[in-house]
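Overview (structure and organization)
Each chain is listed here by its residues.
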Amino acid sequence: AMGPPAVSTGHLPPPGVVAELVREAHGRYGAVTEGRVADYIPALAKADPAWFGICVAGVNGQAFEVGEAEHAFSIQSISKPFVFALVCQALGGGRARAAIGVNATGLPFNSVMAIELNGERTVNPMVNAGAIATTSLAPGADAQERWRFILDGLSRFAGRTLEMDEEVYASEAATNQRNQGIARLLHGYGRMYCDPDEATDIYTRQCAVRVTARDLAVMGATLADGGVNPMTGERVLDADRCRRVLAVMATAGLYEQSGDWLYEVGLPGKSGVAGGIVAIAPGKGGLGVFSPPLDAAGNSVRGQLVTRFLSERLGLNLF
Ligand code: DON
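All figures in this text were calculated on a predicted structure; none of them were measured in a lab.

What counts, and where the lines are drawn
- Residues numbered from 1 in each chain as written.
- Predicted model: local features only at pLDDT ≥ 70, side-chain atom pairs only at ≥ 80, totals over all residues.
- UniProt positions renumbered as here; feature names shortened; annotations may be inferred.
- Helix = DSSP H or I, 4+ residues; strand = E, 2+ residues; numbered from the N terminus.
- Buried ≥ 20, exposed ≤ 12 C-beta atoms within 10 Å, placed from the backbone.
- Contact = placed C-beta atoms within 7 Å.
- Pairing = 2+ DSSP bridges.
- Axes fitted to C-alpha atoms, helices over the stretch in contact; angles between N-to-C directions.

Structural notes on the UniProt feature "binding site: substrate" (unreviewed entry) in the protein chain
The UniProt record annotates "binding site: substrate" (unreviewed entry) at S77, N128, E172, N179, Y203, Y255 and V273. Looking at the secondary structure, you find S77 in the loop between β3 (73-74) and α2 (79-91). Accessibility expressed as a C-beta count within 10 Å gives 25 for S77, which makes it buried. If near-sequence neighbours (up to four positions away) are discounted, S77 is found in contact with F109, C207, K270, S271, G272 and V273. As for its position among the elements, V273 is in the loop between β5 (269-271) and β6 (276-281). When sequence neighbours within four positions are dropped, the list of residues in contact with V273 reads A38, I41, L44, Q76, S77, L294 and G298.

Here you go:
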């Protein structure tokens with residue numbers, strides 16, 4: 001009973017309709033109490049389950065916000081597609097694909113088995129193993145330069161200077177032995193492209209970058225716009241690389257639930273354990289949602305409900 005689905009057209013509905021539906025989505029799902037705030041990264045456990053923000057940003061530069069759309073939280077795994085994009089831009093998509101892999105794993109985001117099951121020992125840039133491998137490919141002479149490349153690149157996607165949350169970084173750095181193990185395992189297989197501990201540290205930093213639902217919407221709108229940030233007019237990514245990034249997000253952005261997500265929402269998307277979720281409607285815009293309670297796979301419960309609702313009612317589903 002979410003009302004009539006709109007047929008996908010080449011553009012977003014008129015501004016008044018988008019604004020009204022964004023408000024309706026917030027009202028509809030604000031009272032949902034399912035899901036649990038992540039606590040395996042201790043600093044994330046402090047999140048208020050009630051925080052809830054939504055933003056839609058169009059490729060024409062218009063933005064529609066409701067609720068805590070300007071509340072900052074750590075980007076976490078949503079950094080993965082954007083860092084993959086930056087590495088593809090720097091190295092070429094073919095080299096990045098050969099080095100990292102682009103196939104769905106059907107397994108959880110921190111799976112070691114996914115590495116063992118693939119004969120090439122590649123996975124994909126949306127799960128931790130492939131994301132740490134991606135980070136290890138960031139250009140730079142040392143860790144400082146590689147981190148700069150990533151932080152500056154994420155900032156260009158958002159159209160503003162982003163910063164790292166020191167508390168979230170320190171909290172995860174003290175508890176990320178599993179990711180350290182994954183990076184060293186990949187190193188053993190020749191699938192790490194800088195020192196594995198350094199790559200894990202930079203990856204942990206990139207996951208602690210502070211963004212808002214509005215930032216996610218603008219970052220998504222940049223991918224919807226063929227790689228041009230609609231707010232700043234800057235080209236962050238070439239169009240042919242942009243579509244590859246979206247393909248990988250559609251394949252594996254919601255981990256083992258990526259098939260369910262594509263079936264229900266019909267858009268490339270990416271989730272993060274701090275409660276962020278981004279979805280991209282190519283040619284139309286980006287959607288960012290922030291709501292900390294997660295389901296068992298680590299995806300925001302309200303974030304999924306909102307994206308499904310807005311995909312239907314705004315006519316965004318690609319299929
Ligand atoms: O590596 C980790 O475990 C976190 N920095 C990111 C995981 C994450 O966001 C999974 N997503 N839904």
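Following the structure, the description resumes.
What about the sheet that holds strand β2 (residues 63-67)?
Spatial ordering of the open sheet is given by β2-β1-β7-β6-β5, a layout of five strands whose pairing is antiparallel. Every interior strand has two partners, whereas the edge strands, β2 and β5, have only one. When strand polarity is set aside, the average angle formed by the axes of neighbouring strands in this sheet is 10 degrees. As paired strands, strand β1 (residues 53-58) and β2 are joined by five bridges and run antiparallel to one another. Bridge pairing in β2 places V56 opposite F64. Docked against the sheet, helix α1 (residues 15-29) engages β1 and β2, running at close to 25 degrees with respect to β2.

Observations concerning the pairing of β1
Within β1, six of the six residues are buried, which leaves the element mostly enclosed by the surrounding structure. On β1, burial covers both faces: G53, C55 and A57 on one face and I54, V56 and G58 on the other are all buried. Following β1, the chain reverses through four residues before pairing antiparallel with β2; G61 in that reversal takes a positive phi of roughly 95 degrees. For β1 and strand β7 (residues 285-290), the ladder comprises six bridges, and the chain directions are antiparallel. Pairing of A57 across the sheet is with G286, part of β7.

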